[in-house]
Amino acid sequence: MDLRPDEISALIKEQIKHYSSQIESKDVGTVMTIGDGVSLVHGLDNAMLGELLLFPHDVYGMVMNLEEDSVGAVLLGNDGIIKEGDEVKRTGKIIEVPVGDELLGRVVNPLGQAIDGQGEIKSTKFRPIERVASGVMSRKSVNQPLQTGITSIDAIIPIGRGQRELIIGDRQTGKTAIAIDTIINQKDQDIFCIYVAIGQKNSTVAQIVEKLRKGGAMDYTTIVAAGASELAPVQYIAPYAGCAIAEEWLEQGKDVLIVYDDLSKHAVAYRTVSLLLKRPPGREAYPGDVFYLHSRLLERACRLNEEHGGGSITALPIIETQAGDISAYIPTNVISITDGQIFLQQDLFNAGFRPAIDTGLSVSRVGSSAQIKAMKQVSGSLKLELAQFAEMQAFAQFGSDLDAATQATLDHGMKVREVLKQPQYSPRSVEEQVISLFALKYGFTKKVPVSKVKKFTDELYENIKISHEEIINEIKDKKAIGPELEATMKDVMKDFVEKFLKVNVEG
């Protein structure tokens, strides 16, 4: 076959002419390594941090490391079906979750897909899971109470709407119980609730859903669950997804309560991801930015001012300690970010004092500005009384002959404790709390034996509810105890004490 040079040059010229029109700009990379839910991808020069990548078989990944010639991505699906050399495409999007009222009463995974078997969620609105927290000028100070229904919290360590109150303690001390009680207590309070379960057993999440359903709380609650069997990256994005769902309601001017259960497991998931991405480990092998991990999440909880709709997100993060050590790395980090902590103690729990709240180590940095006036009037001295009682109790163990004043302090302290004891799933209304604390404050429990104090306060409230409903209504409406109401309450309680003692003590 004869090759003629002029034909060849004409052919090449023709090819060159059409060459530029055939260049197709496609952001496609190649999998260099894959394993443990982490992949190194070569060739995605324009990828953004946090961007979603599409791997073969519809598996998504998220960019977390940007290196010179590759990007490190964590996979949000099965990495077993992906192999080296596979093609990876950029999506140009960051992770978004569906938001809106369609999520109420549903259980979803951190990608917003329903996992409760009730069909898919038909939401039209989506939000990116990461967002910069509201600025200083759009916020307002916390001054409205968020009632938990738990006397020892509402009276001594009150939580306000827009606050971040940490629940901290060893395992099995009742941390989740407090959070669930608080969610159940928001019934008819016009507050939306979100419960984020991170790294928990699926059976535990199922029990919580059942408890909330029984308490009628699923009507205003969404559960975001990333179970213990989920990949670390999925557990890592769970709280941010929950927060994005909350922010939709926040911007509508609604009040939202969000529980992160728990952030210790969240930090462990992030540590796993970071070490697999070969980021340098720091203290306790956590990466250097583990503080930022939680601060950027909890800082999104806020109370907005009226110009921005006046909504609020109240966060209750949970941290599990080891042997009561609140000075470990993650606990101290989260304590320094939040506006106070509720510390649960194993010894109190074992001694039958439940909720096992250590009132000495627990604190609310918002304080009494998040209480109604009536509650302030009756609970002001409680913390001091409990502290004195704890101190005297330590001494009383050594000496047998105690003077009358010490005996009275001990007796009163034990009665305060009895009033603060509360079984799970039985939240108390503010009016009930105020009435029982009023009886304590003005010495109506003096003659009542410690063993009968609980019966006394229960019956006292029932009696007032039936015979003197106007007292409850006035506390509800005016949110304060005026001189007249105080006199009426004292008269009613005086009569009741006499009757109660006749039946229960003298009789």
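This text goes with the structure placed above it.
Reading the values: the criteria
Residues numbered from 1 in each chain as written. Predicted model: local features only at pLDDT ≥ 70, side-chain atom pairs only at ≥ 80, totals over all residues. Heavy atoms only, no water. Pairing = 2+ DSSP bridges. Helix = DSSP H or I, 4+ residues; strand = E, 2+ residues; numbered from the N terminus. Axes fitted to C-alpha atoms, helices over the stretch in contact; angles between N-to-C directions. Contact = heavy atoms within 4.5 Å. Buried < 20%, exposed > 50% of the residue type's maximum accessible area, 1.4 Å probe, protein only. Polar contact = N/O pair within 3.5 Å; in protein donor to acceptor, adjacent residues only side chain to side chain. Core = buried A, V, L, I, M, F, W, Y, C linked by side-chain atoms within 4.5 Å. Salt bridge = Lys/Arg side-chain N within 4 Å of Asp/Glu carboxyl O.

**Some details on the sheet that holds strand S2 (residues 38–42)**
Link 1 in the chain: Spatial ordering of the closed barrel is given by S1-S2-S5-S4-S3-S6, a layout of 6 strands whose pairing is antiparallel. When strand polarity is set aside, the average angle formed by the axes of neighbouring strands in this sheet is 45 degrees.
Link 2 in the chain: Two strands pair when backbone bridges link them, and strand S1 (residues 28–35) and S2 are joined in this way by 5 bridges, in the antiparallel orientation. Opposite Thr30, over in S2, you have His42 as the bridge partner.

**Regarding the environment of Phe291**
Link 1 in the chain: Inspection of the secondary structure assignment puts Phe291 in helix H7 (residues 290–298).
Link 2 in the chain: Setting aside anything within four residues of it in sequence, one finds Phe291 in contact with Asn333, Ser336 and Ile337.

**Structural notes on the side chain of Thr221**
Link 1 in the chain: Relative to the helices and strands, Thr221 resides in strand S12 (residues 221–226).
Link 2 in the chain: A relative accessible area of 0% places Thr221 in the buried class.
Link 3 in the chain: A polar contact is formed between the side chain of Thr221 and the backbone oxygen of Ala217, at a distance of 2.6 Å.
Link 4 in the chain: Those residues in contact with Thr221 that sit more than four places away from it in its chain are Leu103, Leu104, Gly105, Arg106, Ile183, Cys193 and Leu212.

**As for the sheet that holds strand S16 (residues 363–364)**
Link 1 in the chain: The 8 strands are arranged S8-S12-S11-S13-S14-S10-S15-S16 in an open sheet whose pairing can be described as mixed. Each edge of the open sheet carries a strand with a single partner, namely strand S8 (107–108) and S16.
Link 2 in the chain: Pairing of strand S11 (residues 191–198) with S12 involves 6 bridges; the strand directions are parallel. If you follow Ile194 over to S12, its bridge partner there is Thr222.
Link 3 in the chain: Its contacts with the sheet put helix H3 (residues 175–184) on strand S10 (166–169), S11, S12, strand S13 (255–261), strand S14 (312–320) and strand S15 (340–344), and the angle it makes with S14 is roughly 160 degrees.

**A closer look at the nonpolar core**
Link 1 in the chain: Membership of the largest hydrophobic core comes to 72 residues, with the highest contact counts inside it found for Ile183, Leu212, Ile223, Ile342, Ile435 and Met489.
Link 2 in the chain: The element that contributes the greatest number of residues to this core is helix H16 (residues 483–506), accounting for 8 residues.
Link 3 in the chain: Leaving out residues up to four positions away in the same chain, Ile342 has contacts with Ile153, Ile157, Ile159, Glu165, Leu166, Ile167, Ile168, Ile178, Ile357 and Ser362.
Link 4 in the chain: One finds Met62, Ile194, Leu297 and Phe343 within the second-largest nonpolar core, a separate group that totals 60 residues.

**A few points about the environment of Asp188**
Link 1 in the chain: Positionally, Asp188 belongs in the loop between H3 and S11.
Link 2 in the chain: Judged by its relative accessible area of 76%, Asp188 falls in the exposed class.
Link 3 in the chain: Considered as a pair, Asp188 and Thr488 are 300 residues apart in the sequence and their alpha carbons are 29 Å apart.

**Some remarks on H3**
Link 1 in the chain: Among the 10 residues that make up H3, 9 are buried, leaving the element largely enclosed by the rest of the structure.
Link 2 in the chain: Taken together, the buried positions of H3 are occupied by Lys175, Ala177, Ile178, Ala179, Ile180, Asp181, Thr182, Ile183 and Ile184.

**Side note on unusual backbone geometry**
Link 1 in the chain: At the junction of Asp261 and Asp262, the peptide bond is cis and its omega measures out at -5 degrees in the coordinates.
Link 2 in the chain: Inspection of the secondary structure assignment puts Asp262 in the loop between S13 and helix H6 (263–276).
Link 3 in the chain: Omega for the bond connecting Arg354 with Pro355 falls within 30 degrees of zero, at 0 degrees, which places this linkage in the cis form.
Link 4 in the chain: Tracing the sequence through the fold places Pro355 in the loop between helix H9 (346–350) and S16.
Link 5 in the chain: The phi angle at Asp36 is positive, at roughly 55 degrees, despite the residue not being glycine.
Link 6 in the chain: Mapping Asp36 onto the fold places it in the loop between S1 and S2.
Link 7 in the chain: Within the chain, Gln172 stands out as a residue other than glycine whose phi angle is a positive 60 degrees.

**Things to note about the pattern of salt bridges**
A side chain with one charge may pair with a side chain of the opposite charge, provided their charged atoms come close.
Link 1 in the chain: A full pass over the atoms with the stated rule returns 23 salt bridges.
Link 2 in the chain: Linking Asp262 and Lys265 is a salt bridge whose minimum nitrogen-to-oxygen distance equals 2.9 Å.
Link 3 in the chain: With relative accessibility at 30%, the residue Lys265 sits in the partly exposed group.
Link 4 in the chain: Linking Lys421 and Glu418 is a salt bridge whose minimum nitrogen-to-oxygen distance equals 3.1 Å.
Link 5 in the chain: Among the charged side chains, a network of salt bridges with common partners joins Lys125, Arg127, Arg131, Glu247, Glu248, Glu251 and Arg300.

Nothing here speaks to function; it is geometry throughout.
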